[in-house]
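These are the residues of each chain, in order.
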Amino acid sequence: MTDAPPDTCLNKPRVMSGMRPTGRLHLGHYFGCLKNWVALQDQYECFYSVADWHALTTKYDHTQNIVEDIYDIVLDWLAAGIEPDKSTIYVQSTIPEIAELHLLLSMMTPVKWVETDPTLKDMVQARQQAHGHQQAEADAESALAYGLLGYPVLQTADILGPRAALVPIGKDQEAHLEISRQIARRFNHMYQSDCFPEPKPLFTDISRLIGLDGRKMSKSYNNAIYLSDSDEATLKIIKSAITDPKRIKRDDPGEPKDCQAVFPYYEVFAGSEVIATVADECRSAKRGCMDCKKQLAEIINETLRPMRERRKVYAGDRAQVEKIIRDGCAHSRDIHAKTLTDVRKIMRLFPH
């Protein structure tokens, strides 16, 4: 038995990806993911999900801000250049077909597959960081909730729902995608169907930026530059950045590679001539660390200014943003509904 071929849009391969709504996005999100999403729009048919059900896997008891977090993330997507006429923007929980597909796929997914998925450990750690280790230790069982254990299967339903052929990831995330490929392969083999493509990784170049305190860039560490920050807020947090610890006085020579929370930003945002000048003046002590930070803030603010201005326009017209989300959800649900109809037919379930 075979199903109907997946929908196509002008013969473009279909791409699916998503983000959990955790509030405003920072530069780590942009360079680690969002910038690549924008670049994919002309070449692929893109489906971008605000994965609010995934947010519940670790924040099921902290849902008071989730609606506003959804709007914040969509505003940042639009500001960064995700275009509704090119990409489908939708909210995961508005597509009940994803939940049903998740249920059906979970019936045939071995427990061992989800227990050994590398994502699981990351999600448990995320909950511990969000709620504190003391509570996590006292409530260890809830740290591994049923929904969290099934996270990889829900993620698979996200990908297979639009029958995406490609998933944009970094090389270090390849193992995370493999379980979705295994589930798709198992379904097709079990029901002698070609319903699902085995989603392939679409490896993208990623510029990883650490936080301004030298740790991973994170909202919880208060060490991030947000896409929507003002010029003043950007300058303030860059002034707090850690610089070369061996450079004590203004006239001490420095070493750019030891300034791990500032110089990498120059390598991402500045041209080669500026980078060379900064490195030379640092080593010769012609500039102090605060001079370096002020120039960096100017460069970052200038780069982000068009994005920030677009965000203000969208933020001033909430009705327009709501319509973009509603239209994207409606289109996405049509696609997912067709997939689920095919899946139910292939599995010989009672027809709707």
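Everything numeric in this text was worked out from a predicted model, so none of it was measured.

## Digging into the overall build of the protein chain
When its secondary structure is counted, the protein chain shows 16 helices and 5 strands. Rg of the C-alpha trace for the protein chain: 23 Å, near the compact-globule value of 20 Å for 352 residues, within the 12% margin. Its C-alpha atoms give the protein chain principal-axis dimensions of roughly 80 × 50 × 35 Å. Restricting the contact set of the protein chain to residue pairs at least 6 apart, pairs at least 24 apart contribute 80%. As displayed, the protein chain offers around 17600 Å² of accessible surface, 53% of which is attributable to carbon and sulfur atoms. For the protein chain, the distance from the average site of its 45 positive side-chain charges to the average site of its 49 negative ones is 1 Å.

## A word on the environment of Leu154
Relative to the elements of secondary structure, Leu154 occurs in helix H10 (residues 151-160). Residues Leu154 and Leu105, spaced 49 residues apart in sequence, show a C-alpha to C-alpha distance of 8.6 Å. For Leu154, the residues in contact, after removing those within four places along its chain, are Trp53, His54, Gln92, Ile98 and His102.

## Focus on the environment of Cys46
Structurally, Cys46 can be placed in strand S2 (residues 45-50). Each C-alpha atom, one on Cys46 and one on Ile82, is 9.8 Å from the other, the two residues being 36 residues apart in sequence.

## Observations concerning helix H4 (residues 96-106)
Taken together, the buried positions of H4 are occupied by Glu97, Ile98, Leu101, Leu104 and Leu105. The arc that holds the buried residues of H4, viewed along the axis, is 125 degrees, so those residues lie on one side. Lining the buried residues of H4 we find helix H2 (52-59), strand S3 (87-91), H10, helix H11 (174-190) and helix H16 (318-346).

## A look at the environment of Asn36
Tracing the chain through its elements places Asn36 in helix H1 (residues 27-40). With 170 residues separating them in the primary sequence, Asn36 and Ile206 have C-alpha atoms 8.2 Å apart.

## Overview of the pairing of S3
S3 sits mainly inside the fold: 5 of its 5 residues count as buried. Going residue by residue along S3, you find Ser87, Ile89 and Val91 tucked away on one face and Thr88 and Tyr90 tucked away on the opposite face as well. As defined by bridge partners, S2 adjoins S3 across 5 bridges and the pair is classed as parallel. Residue pairing across strands places Phe47 opposite Thr88, the latter belonging to S3.

## Structural notes on the packing of aromatic side chains
If you walk through the whole model with that rule in mind, you get 7 aromatic pairs. With centroids separated by 5.0 Å and ring planes inclined at 50 degrees, the aromatic side chains of Phe187 and Tyr191 adopt a geometry described as tilted. Relative accessible area serves as the criterion here: at 19%, Tyr191 is assigned to the buried category. Each residue in the set Tyr30, Phe31 and Phe269 is aromatic and connected to the rest through ring pairs, giving one cluster. Just above the ring of Trp113 sits the side chain of Arg186; from NZ or CZ to the centre is 5.7 Å. A cation sits over an aromatic face here: Arg215 above Tyr221, 3.9 Å from the ring centre.

Analysis parameters
Residues numbered from 1 in each chain as written. Predicted model: local features only at pLDDT ≥ 70, side-chain atom pairs only at ≥ 80, totals over all residues. Heavy atoms only, no water. Helix = DSSP H or I, 4+ residues; strand = E, 2+ residues; numbered from the N terminus. Rg over C-alpha atoms; globule rule 2.2 N^0.38 Å. Contact = heavy atoms within 4.5 Å. Areas by Shrake-Rupley, 256 points an atom, 1.4 Å probe, with all protein chains shown as cover. Lys, Arg positive; Asp, Glu negative; His and termini not counted. Charge placed at Lys NZ, Arg CZ, Asp CG, Glu CD. Buried < 20%, exposed > 50% of the residue type's maximum accessible area, 1.4 Å probe, protein only. Arc of directions from axis to C-beta. Pairing = 2+ DSSP bridges. Phe/Tyr/Trp six-rings, centres within 6.5 Å; stacked < 30°, edge-to-face > 60°. Lys NZ or Arg CZ within 6 Å of the ring centre and 35° of its normal.

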